[in-house]
Amino acid sequence: MEFLRSVFQMLDASMERPTMLGWFHIMWLIISIGGAIVLSLWHRRHPADRQRKVLLITTIIVIVLEIYKQLNFSVCYTEGLSWDYQWYAFPLQFCSTPMYVGLLAALTKKGRIHEAACAYMTTFSLFAGAAVMVYPGDVFIDTIGINIQTMVCHGSMIFLAIYLMATGYVKLGFKTVLKAIPVFAFFLLVAMGMNEWAFQSGLLETEGFNMFYISPHQPGHLPLYSNVQAVVPYPWSLVIYIIGFAAAAYVMQLLAMLVWLIARKISQKPAVEQTA
């Protein structure tokens, strides 16, 4: 028991809370983007169907860190060991979905489900990861492990999206967004159902349970959308949420296509003039 207590105490080691554009933030941005570029170049030099392995390994790392997060939030070690699950941290927020979708993509063969999962990773997931990695907001705390977990979680979304698109495994275009929408819709319905269950069971009042931050029974905390919730009645605020996230996913594809065109133009060698 004393050993376990020491382990949880070690996992709860503290650090100075990182800041936006501080060394910790910039370091993980470089790791996420740089790692994806390096791996994509290596893949092109050694062509093989490695995408599923990369998806599997990356997703397993994210899942292991998520388990650590749940234990860190729920285990109290100050006086022995006790368990008090923190329902507000239940892993079904928008940024948690790539963890499940990535595992699905890694374990399924090529087909509609696999393509939809991969499309989600390069659209909705990319937006979720980019939004937090560019503007981390209040995701940083003073616990080393949790800060690493949140950077790996969100950074992996950028990492996998760049890798899947750069290697040509996922095609760029509007059809990719259309393939991803059913996946988004599924998780949205699950979140809505769980929010209603939390309200009816009284869990919302005691734990602040609010998956996807779209519960009509309490104010949201998402930037911009919380302002919409304050003035637009439910369910119209939810409609705006859906349209906004779908538009953001499409913008991610447009930006990726733009980057691809620029990179292709730069990589093209100028024609050599023939001399007599």
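None of the values given here were measured: they were computed from a predicted structure.

So, how was this worked out
- Here the residue numbers are simple positions, counted from 1 along each chain's written sequence.
- Totals for whole chains, interfaces and linings use every residue, but because this is a predicted model, local features are given only for residues with pLDDT of at least 70 and side-chain atom pairs only at 80 or more, for both listing and counting.
- Only hydrogens and water are set aside when side-chain values are computed; all heavy atoms of the structure are taken into account.
- By definition, any uninterrupted DSSP run of H or I lasting at least four residues is a helix, any uninterrupted run of E lasting at least two residues is a strand, and each is numbered from the N terminus.
- Between the first and last residue of a helix there are one fewer steps than residues, each counted as 1.5 Å, and that sum is the expected span.
- Type-normalised accessible area, obtained with a 1.4 Å probe on protein chains alone, sets the label of each residue: buried when under 20%, exposed when over 50%, and partly exposed for intermediate values.
- The contact rule is simple, with two residues in contact once any of their heavy atoms fall within 4.5 Å.
- Whenever Lys or Arg places a side-chain nitrogen within 4 Å of a carboxyl oxygen from Asp or Glu, that contact is recorded as a salt bridge.
- Any two rings among Phe, Tyr and Trp, with Trp reduced to its six-membered ring, count as a pair given centres within 6.5 Å; such a pair is stacked if its planes are under 30 degrees apart, edge-to-face if over 60, and tilted if neither.

**Q** Describe in detail helix α11 (residues 236–267), supporting the description with residues and values.
**A** Between its terminal C-alpha atoms α11 stretches 46 Å, which fits the 46 Å expected from 32 residues at 1.5 Å a residue. Three or more residues of α11 are buried, namely Ser237, Leu238, Tyr241, Phe245, Ala248, Ala249, Met252, Gln253 and Ala256. Looking at the buried positions of α11, the neighbouring elements they touch are α6 (124–134), α7 (144–166), α8 (174–201) and α10 (225–231).

**Q** Give a detailed account of unusual backbone geometry, specifying residues and quantitative values.
**A** Across the junction of tyrosine 234 and proline 235, the peptide omega takes the value 10 degrees, indicating a cis bond. Of note in the backbone geometry, leucine 21 takes a positive phi value of approximately 65 degrees without being a glycine. Inspection of the secondary structure puts leucine 21 in the loop between α1 (2–11) and α2 (23–45). Taking the relative accessible area as the measure of exposure, leucine 21 reaches 58% and is therefore exposed. Even without a glycine there, the phi angle at leucine 224 is positive, about 70 degrees. Tracing the sequence through the fold places leucine 224 in the loop between α9 (203–207) and α10.

**Q** Explain the pattern of salt bridges to me, using residue names and the numbers behind them.
**A** By the definition in use, this model includes one salt bridge. Close ionic contact of lysine 179 with glutamate 115 constitutes a salt bridge, the shortest N to O distance being 3.3 Å. Of the two residues, lysine 179 sits in helix α8 while glutamate 115 sits in helix α5 (residues 112–121), which places them 64 residues apart along the sequence. Overall, the relative accessible area of 39% leaves lysine 179 in the partly exposed class. Looking at glutamate 115, the relative accessible area reads 38%, which means it is partly exposed.

**Q** Go over α7, please, and point to the residues and values.
**A** Compared with the 33 Å implied by 1.5 Å per residue over 23 residues, the 32 Å span of α7 between its first and last C-alpha is a close match. Count one or two residues on from α7 and you reach glycine 168, which has phi positive near 80 degrees.

**Q** I'd like a description of the packing of aromatic side chains, backed by residues and values.
**A** For the structure shown, the criterion picks out 24 aromatic pairs. Where tryptophan 87 meets phenylalanine 90, the ring centres are 5.8 Å apart and the plane angle is 20 degrees; that geometry is what we call stacked. Cluster of aromatic residues (ring-pair linked, three or more members): Phe94, Tyr100, Tyr120, Phe124, Phe127, Phe184, Phe186, Phe187, Phe212, Tyr225, Tyr241 and Phe245.

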